Amino acid sequence: MFANFVAITKARLAISVVFSTIAGYLLGVENWEASNWLTILSLIIGGYCMVGASNVFNQVIEVDLDALMDRTKNRPLPAGDITKNQAILLGSVLTAIGLIILYCINPKTAMFAAISIFMYVSLYTPLKTVTPLSVFVGAFPGAIPYMLGWVAATGHFGIEAGALFMIQFFWQFPHFWAIGWFLYDDYKKAGFFMLPTGERDKKTALQTILYTVWMILASLIPVLGITGRLYLTKPSAVIVFLLGIWMLYAAVKLYKEMDAKAARKLMLVSVMYISLVQIIFVLDKFIR
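Residues numbered from 1 in each chain as written. Predicted model: local features only at pLDDT ≥ 70, side-chain atom pairs only at ≥ 80, totals over all residues. Heavy atoms only, no water.

Draft legend 1. Spatial organisation of the packing of aromatic side chains. Applying the stated criterion to the full structure yields 17 aromatic pairs. Ring geometry for F112 against F157: centres 5.5 Å apart, planes inclined by 40 degrees, an arrangement best described as tilted. Taken together, the residues span a long stretch of sequence, with F112 in helix α7 (residues 107-127) and F157 in the loop between α8 (134-154) and α9 (159-182) at a distance of 45 residues. Residue F157 is classed as partly exposed on the basis of its relative accessible area, which comes to 42%. Taking 5.8 Å as the distance between ring centres and 65 degrees as the angle between the ring planes, the aromatic pair formed by Y187 and F192 counts as edge-to-face. Linked through ring pairs, F136, F140, F165, F169, F170, F173, W177, Y211 and W214 together constitute an aromatic cluster. (Phe/Tyr/Trp six-rings, centres within 6.5 Å; stacked < 30°, edge-to-face > 60°. Helix = DSSP H or I, 4+ residues; strand = E, 2+ residues; numbered from the N terminus. Buried < 20%, exposed > 50% of the residue type's maximum accessible area, 1.4 Å probe, protein only.)

Draft legend 2. Inspection of a nonpolar patch on the surface at higher detail. Side chains of F19, W246, L268, M272, L276, I279, L283 and I287 sit close together on the surface and give an oily, nonpolar patch of about 720 Å² of accessible area. For I279, the position within the fold is in helix α13 (residues 260-287). Classification of I279 by relative accessible area gives partly exposed; the value is 37%. (Patch = residues over 30% accessible without salt bridge, like charges linked within 9 Å, V, L, I, M, F, W, Y side chains within 5 Å. Areas by Shrake-Rupley, 256 points an atom, 1.4 Å probe, with all protein chains shown as cover. Salt bridge = Lys/Arg side-chain N within 4 Å of Asp/Glu carboxyl O.)

Draft legend 3. Geometry of the side chain of Q59. Its location among the elements puts Q59 in helix α3 (residues 37-61). With near-sequence residues (within four places) excluded, Q59 lies in contact with A7, I8, K10, D66, R75, P76 and L77. (Contact = heavy atoms within 4.5 Å.)

Draft legend 4. Structural detail: the pattern of salt bridges. Under the definition given, this model contains six salt bridges. Each of D70, K73, D186 and K189 takes part in a single network of salt bridges with overlapping partners.

Draft legend 5. Here's a closer look at the side chain of S54. Turning to its location among the elements, S54 is positioned in helix α3. Given a relative accessible area of 8%, S54 falls into the buried group. When residues no more than four places from it in sequence are discounted, the contact partners of S54 are I117, Y120 and V121.

Geometric values such as these leave the question of function open.
Here is the structure:
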């Protein structure tokens, strides 16, 4: 039963999303002493519930398509370990619990979480079989968690939360296009359109490079001192820049080699990039 819960809520993905939310919260608090452990715990539980619910509803909608792909055919729903009705009930309970917990932090936190789950389930999921623009649509709910932490800490959405949103927004394009590249054949079985041109071609690889550049620029904007209380010192900005160059190198390598191995490498680098950048932002705030 627990194994099915972990699988259907996509625990590893949910934990990574919660991690970015906590990073955003720590950036939003005035100082370490001002951090509230009850709020952090609420973000962890409420955030996991919301991400888990999104993943559950996603798998309910895509159960027949998941059965066609090698990487998803053994998930609880297509494998018959959980029924659709059980999954819908679980998703509904997780949604209710998550919204109540996040509302107790502040109403705006719950509002943005609700927007995220709505866009992921009602817009991104059905568009995956219709248009490559699904990645663009999915980038919106995917970018909310980082800024959600800031909103939870401050109760406000301003330029700081917007800057955090933009970093994670642009990051998602090279990340998901890399996944779409090395899983191209599997996605094709289900009719998913994940690459911007629909094909593993030079145009897709070039767009991956361009969006990586935009991601780097978005990550460095706080060093200019124009993003309110969200600020990055020059030494930390240099580290963030070097991490960006590392990811850009992986994107350029995909452009040159045009194979699944390079795409998988870019995906792994992108995961390390976003986690390290979030850690650097937090450490920079509390060490300076």
